[in-house]
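The lines below spell out each chain.
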Amino acid sequence: MASHSTSTSPVSFQNNSVKSFPTSTTAKPLQTILIRFSFSLSSSKVAPLKSSSTTNYNQIVVDEEMDRIRRLQNGSDVRGVALEGEKGRSVDLTPPAVEAIAESFGEWVINGLEKERGRGVEDVKVSLGRDPRVSGGSLSVAVFAGLARAGCLVFDMGLATTPACFMSTILPPFSYDASIMMTASHLPYTRNGLKFFTKKGGLTSPKVEEICDKAARKYANRLAKVSTLLNTVPSRVDFMSIYAKYLRDIIKERVNHPIHYDTPLQGFQIIVNAGNGSGGFFTWDVLDKLGADTFGSLHLNPDGRFPNHIPNPEDETAIALTRKAVLENSADLGIVFDTDVDRSGVVDNRGNPINGDKLIALISAIVLREHPGTTIVTDARTSMALTRFITSRGGQHCLYRVGYRNVIDKGVQLNKDGIEAHVMMETTGHGALKENYFLDDGAYMVVKIIIEMVRMKIAGAEEGIGSLINDLDEPLESLELRMNIISEPRHAKAKGIEAIEAFRQYIQEGRLEGWELDSCGDCWVSDGCLVDSNDSPAAIDAYMYRAQVSDGEHGEHGWIQLRQSIHNPNIAVNMQSMIPGGCQSMAKVLRDKFLIANGIDKILDITQIDKFVRSGLAK
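The protein chain appears in an unreviewed UniProt entry as phosphoglucomutase (alpha-D-glucose-1,6-bisphosphate-dependent) from Erythroxylum novogranatense. Word for word, the UniProt comment on the protein chain under Cofactor (unreviewed entry) is "Mg(2+)". The record in UniProt for the protein chain states the following under Subunit (unreviewed entry): "Monomer."

Rendered as structure tokens:
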């Protein structure tokens, strides 16, 4: 059994500032502690009057409070503003809101286990991990309070990663019934959020919507927002060392080095840029222990204000600093993690950044060697060149909806339908493999790359890992613009759907010459897609359509996609073109012949598109 540590003093939620994770100690007797949050309450909620006007006012207050909680849902996650400091944004992810959501999740887990086992359940165990954000301490207490109210036993993993939280439901001797990760990924330090896991994987958007709806009712109708008596201090557990060993063992076993089995990375210099997030463990608990030289690594110590750059494998500063460190140290590989390590990117030994389509291509090249003919599932923002890269190696390319959970769930569904899909990756760096529980794990993706790099060296290859994608073409132009939805927050989603559906109808009616809807079921993709061939297509969490664009001179030369943002009240416009000026031409047609001609510019702010068209510069 795992050893758990408790304390007779209040739980400490200070940020980790050393190169280690908490270690377990011998369990001590638990102490009852009282944790209170003080919040003022509206008098209209305390004593409703019989007056019809007052009753209506009270109902409006309740509705607004419920909407406030529901709006915290962002696809399959919960995200919000946890600290003051963002211009135009007020704090909405408060301890009371988090407590209600955690309680609802705990009840959801218990109810699910009871249905599954056909009987009542006891001692349901739920773990909590968090990234180093400064709001993590107070919000962690709210999670513990909510889970305790639901009747769950709670376990504090401290500083952790999102993939580790899921693995805490799988790896013995822990094997918790469920887990929560507190993170807002690469978003500013003022934000925070929750990700939810059971042994079956991450929750889907409809399930999170169900939990948030239940939490909204709790929150709106609870007089005392939070005043919870915790009978036990949450048990501190050291799971990160178990997870790190799991990754080390995979590298040792699959490299199977003929000379130094236990230190297969001996002779390799690998630089990690953790961005002051949770990814530093990979340096000292994985790479160093396998014999790698990690000198030159960057921003390993957790710092919840992220002072150096955004922890994001797509961030230009993060990539530039990592590239510089790789070249200055003549390193074999550079690694960039996001805050909670469910995403990653790499830099090869020549300083070439590998993220986006390039990262998908690299993982595809590796996996197609092991599983010839497998299907690679991606979001529909990838290039036509990536499709050619995958198919030239004998693979199949399935493009699906934007949203990493959508992409992963599609891969799971394809496998259930008998279509082998070993890779599911989104262009943002989220990636999951069938061999790793369909878990989007940035550290595991890097492990996969490192194993191949070492194998290549053992086989006598002189070139680095980047040589596997030398033949991947890049689109001549690639662009993303945003259109904010002009609406009250509660109506933004409906307005966004209205605009995107108008776009679909306009193209289907042939009103944009040379534009043709890429359509397959309820997804919008290129040829050969296997999307939603199942009888029960997945529910849509964000609407999107993609059109291929052709003309008499160039033939099919690009595509344009409108998609509803999962996380913010806006619509993203993605474009790629194989000819100079193609993106500007598509943007001009979109602006003049659809947005303005149909009055869509009255519900969407088209400033970015207008500026791009007026600039006359294709980016």
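What follows deals with the packing of aromatic side chains. Going through the model one piece at a time under the given rule, you end up with 13 aromatic pairs. Here the aromatic rings of Phe105 and Trp108 are separated by 6.2 Å at their centres, their planes lie at 20°, and the arrangement is stacked. Taken as a pair, Phe105 and Trp108 lie in helix α3 (residues 95-117) at a separation of three residues, close to a single helical turn. Judged by relative accessible area, Phe105 falls into the buried class, the value being 0%. The ring of Phe389 is capped by Arg393, whose NZ or CZ atom sits 3.7 Å from the centre of that ring. In this structure, Arg546 packs its charged tip against the face of Trp559, placed 4.2 Å from the ring centre.

Bringing the pattern of salt bridges into the picture now. All chains considered together, the criterion is met by 42 salt bridges. The salt bridge partner of Arg70 is Asp213, with a shortest N-O separation of 2.8 Å. Taken together, the residues Arg70 in helix α2 (residues 52-70) and Asp213 in helix α6 (residues 205-221) connect sequence positions 143 residues apart. Overall, the relative accessible area of 32% leaves Arg70 in the partly exposed class. A salt bridge links Arg369 to Glu452; its shortest N-O distance comes to 2.5 Å. Separated by 83 residues along the polypeptide, Arg369 in helix α10 (residues 357-370) and Glu452 in helix α13 (residues 442-458) bring together distant segments of the chain. For Arg369, a relative accessible area of 52% translates into the label exposed. Among the charged side chains, a network of salt bridges with common partners joins Glu99, Glu103, Glu107, Arg149, Lys214 and Lys218.

The next subject is the nonpolar core. Judged by nonpolar contacts, the single largest core of 73 residues is most densely connected at Tyr243, Leu247, Ile270, Phe282, Ile335 and Ile450. For this core, the leading source of residues is α13, giving 11 residues. Judged by nonpolar contacts, the second largest core, of 40 residues, contains Ile69, Leu72, Leu93 and Ala142.

Another point: helix α16 (residues 607-615). Turning to α16, its buried residues number three or more, namely Ile609, Asp610, Phe612 and Val613. Buried residues of α16 fall within an arc of 165° about the axis and therefore sit on the same side. Of the residues in α16, the exposed ones pointing more than 90 degrees away from the buried face are Lys611 and Arg614. Where α16 is buried, its residues touch β20 (477-485), β24 (570-577) and α15 (582-596). Gly616 occupies a position one or two residues after α16 and carries a positive phi of about 70°.

Moving on: the sheet that holds strand β22 (residues 544-551). One open sheet accounts for six strands, arranged β21-β22-β23-β24-β20-β25; its pairing is antiparallel. One side of each edge strand has no neighbouring strand; the edge strands of this open sheet are β21 (515-517) and β25 (604-605). Taken together, the two bridges between β20 and β25 define a ladder with antiparallel strand orientation. By the bridge assignment for β25, Asn484 is matched with Asp605. Across the face of the sheet, helix α14 (residues 492-508) comes into contact with β20, β21, β22, β23 (555-564), β24 and β25 while running at roughly 155° to β23. Lying over the sheet, α15 contacts β20, β21, β22, β23, β24 and β25, oriented at roughly 140° with respect to β24.

Moving on, we get to the sheet that holds strand β13 (residues 344-347). Strand order in the open sheet formed by four strands is β11-β12-β13-β14, with mixed pairing between adjacent strands. Two strands close off the open sheet at either side, each with one partner strand: β11 (270-273) and β14 (353-354). Of the strand pairs in this sheet, strand β12 (residues 333-337) and β13 are connected by four bridges, and their pairing is antiparallel. In the sheet register, Phe337 faces β13, and the bridge partner there is Ser344. Each of β11, β12, β13 and β14 is contacted by helix α9 (residues 316-329), which is oriented at about 160° to β12, the strand it contacts most. In the packing of α13 onto the sheet, the strands contacted are β11, β12 and β13, and the crossing angle to β12 comes to about 170°.

Analysis parameters
- Residues numbered from 1 in each chain as written.
- Predicted model: local features only at pLDDT ≥ 70, side-chain atom pairs only at ≥ 80, totals over all residues.
- Heavy atoms only, no water.
- UniProt positions renumbered as here; feature names shortened; annotations may be inferred.
- Phe/Tyr/Trp six-rings, centres within 6.5 Å; stacked < 30°, edge-to-face > 60°.
- Helix = DSSP H or I, 4+ residues; strand = E, 2+ residues; numbered from the N terminus.
- Buried < 20%, exposed > 50% of the residue type's maximum accessible area, 1.4 Å probe, protein only.
- Lys NZ or Arg CZ within 6 Å of the ring centre and 35° of its normal.
- Salt bridge = Lys/Arg side-chain N within 4 Å of Asp/Glu carboxyl O.
- Core = buried A, V, L, I, M, F, W, Y, C linked by side-chain atoms within 4.5 Å.
- Arc of directions from axis to C-beta.
- Contact = heavy atoms within 4.5 Å.
- Pairing = 2+ DSSP bridges.
- Axes fitted to C-alpha atoms, helices over the stretch in contact; angles between N-to-C directions.

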